[in-house]
Amino acid sequence: LQPACCAEIGGRHTIVVSRHRDTAMILSDPTARVRSRGYKVEAHLGEGPAADLWNNALSMMDPPEHGRVRRCLAKDFTRRQIESLRPLVVDVVRQTLAEAAADEIDVVRLISVQIPMKVICRLIGIPESDWLKLETWTADFLKIFMPHIATVDELEAVNGASRNFIEYFSDLIERKRANPGNDLTSAMARLEGTAGNLGRIEIVGALRGLLTAGFETTAATLSATVLAYARYPAEFDKIRNGSVSVSHAIEELLRWESPVQA
């Protein structure tokens, strides 16, 4: 692959950079933007619920909106707070593996999907009874990030999932405001209309982003890891004998088989 090459993605002429230093330079350049100036939303999304969530996706924001929303979220993602989640994650992994124990299992359905869904839903404060429908909406919603949505049916699916997310998280925010708990939705509900100046749709967008990004990416990485183990067992022997640390192995797996493709 050339260091920089022209490509057509989703009907658009695009310059793709492949070297780490080039990518890092662009991402750290304060003048680089996700959206061109004056840009609002992809034309084919119209003005419905999908457009609302597209405009309020943290990954699609530029300064100063990105910085304002991210600063509000960062208060609940300090290193100490993330480390405090370790017992929860360990408990979920052990429980999931115990339930999936069998001679032959569907790794994607019983492990890769279950572990991140359980963790992120508990973190956000989503009742276990709602997990299945949120998983279903996620599959439809993520079509919004494809370079081009080709059919009317796909667009309807994205709008339907977006509408469901907006209604669901708006209701969850109200419930957590009335009866707060030790979860992210309760914490973010307190920021609405305060000095943090987060609007309702921004909070909904952030919660949707945390759910889909925290669930889908981890599920893809867990599946890719199992596949890599099947193909390259000798590499995983290095983890067992201690010549490669688990943390380094995870970093290499994320580099080798990225869960985010576009």
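Here is what the cut-offs are and how they apply
- Residues numbered from 1 in each chain as written.
- Predicted model: local features only at pLDDT ≥ 70, side-chain atom pairs only at ≥ 80, totals over all residues.
- Heavy atoms only, no water.
- Helix = DSSP H or I, 4+ residues; strand = E, 2+ residues; numbered from the N terminus.
- Buried < 20%, exposed > 50% of the residue type's maximum accessible area, 1.4 Å probe, protein only.
- Contact = heavy atoms within 4.5 Å.
- Areas by Shrake-Rupley, 256 points an atom, 1.4 Å probe, with all protein chains shown as cover.
- Lys, Arg positive; Asp, Glu negative; His and termini not counted.
- Charge placed at Lys NZ, Arg CZ, Asp CG, Glu CD.
- Salt bridge = Lys/Arg side-chain N within 4 Å of Asp/Glu carboxyl O.
- Patch = residues over 30% accessible without salt bridge, like charges linked within 9 Å, V, L, I, M, F, W, Y side chains within 5 Å.
- Axes fitted to C-alpha atoms, helices over the stretch in contact; angles between N-to-C directions.
- Parallel < 35°, antiparallel > 145°, perpendicular 65-115°, else oblique.
- Left-handed = near helix turned anticlockwise from the far one by under 90°.
- Nonpolar A, V, L, I, M, F, W, Y, C, P; charged D, E, K, R; others polar.
- pLDDT = per-residue confidence, 0-100.
- Core = buried A, V, L, I, M, F, W, Y, C linked by side-chain atoms within 4.5 Å.

Participant: Looking at this structure, how should I read the overall build of the protein?
Facilitator: Helix and strand counts for the protein stand at 13 helices and 2 strands. Here the C-alpha coordinates of the protein stretch approximately 55 × 55 × 40 Å along the principal axes. For the protein, the residues scored as buried account for 33% of the 262 residues in total. By sequence separation, contacts in the protein at least 24 residues apart represent 61% of the contacts at least 6 residues apart. Total accessible area on the protein is roughly 16100 Å²; 56% of this is exposed by carbon and sulfur atoms. Mean positive and mean negative side-chain charge positions of the protein (31 and 34 charges, respectively) differ by 7 Å.

Participant: Explain the pattern of salt bridges to me, please; I cannot follow it from the model alone.
Facilitator: When the charged atoms of two side chains lie near each other, side chains of opposite charge can form a pair. What the rule picks out here adds up to 17 salt bridges. With a closest N to O distance of 2.3 Å, Glu192 and Arg177 form a salt bridge. Highlighted residues: Glu192 in the loop between helix H10 (184–189) and helix H11 (200–231) and Arg177 in helix H9 (residues 152–178), separated in sequence by 15 residues. Salt bridges here are not isolated pairs; linked through shared partners, they connect Glu174, Arg177, Glu192 and Arg200.

Participant: Please clarify how a nonpolar patch on the surface should be interpreted in this entry.
Facilitator: Together, Val246, Ile250 and Leu254 give the surface a local cluster of nonpolar side chains, amounting to about 240 Å² of exposed area. The topology assignment puts Ile250 in helix H13 (residues 246–256). Judged by its relative accessible area of 43%, Ile250 is partly exposed.

Participant: Can you walk me through the packing of helix H7 (residues 114–124) against H11 in this structure?
Facilitator: How two helices sit against one another is set out by the angle between their axes and by the gap between those axes. The interhelical angle for the contact between H7 and H11, taken along N-to-C directions, is 160°, at an axis separation of 8 Å. Our classification of the angle between H7 and H11 gives roughly antiparallel. In this structure, the crossing between H7 and H11 has a hand that is right-handed. Here Ile115, Pro116, Met117, Ile120, Cys121 and Ile124 of H7 come into contact with H11, specifically with Leu207, Leu210, Leu211, Gly214, Phe215, Thr218, Ala219 and Leu222. Across the contact of H7 with H11, the residue classes tally to 12 nonpolar, 2 polar and no charged.

Participant: Quick question: what am I supposed to make of the environment of Pro116 here?
Facilitator: By the secondary structure assignment, Pro116 is in helix H7. Apart from the residues lying within four places of it in its own chain, the contact partners of Pro116 are Ile111, Gly214, Phe215, Thr218, Ala219 and Leu222.

Participant: Honestly, the confidence of the model for the protein in this entry has me stumped. Any pointers?
Facilitator: Should the pLDDT be low somewhere, the predicted coordinates at that spot are not to be read in detail. Predicted confidence across the protein gives a mean pLDDT of 87, with 93% of residues reaching 70 or more. The spread of mean pLDDT over the elements of the protein runs between helix H4 (residues 79–83), the lowest at 83, and helix H12 (residues 233–240), the highest at 94.

Participant: Even after reading the chapter, I still don't get the nonpolar core, so can you show me in this structure?
Facilitator: Here is a general trend for soluble globular proteins: nonpolar side chains tend to be buried in one another's company. In this structure, Cys121, Ile124, Ile126, Leu134, Phe165, Phe169 and Leu211 are the most contacted members of the largest nonpolar core, which totals 44 residues. Looking at this core, the elements with two or more residues in it are helix H2 (49–55), helix H3 (65–74), H7, helix H8 (131–141), H9, H10 and H11. Once residues lying within four places of it in the same chain are set aside, the contact partners of Leu134 are Cys121, Ile126, Phe165, Tyr168 and Leu211. Core analysis: the second largest hydrophobic core is formed by 5 residues, Val92, Ala100, Ile111 and Ile115 among them.

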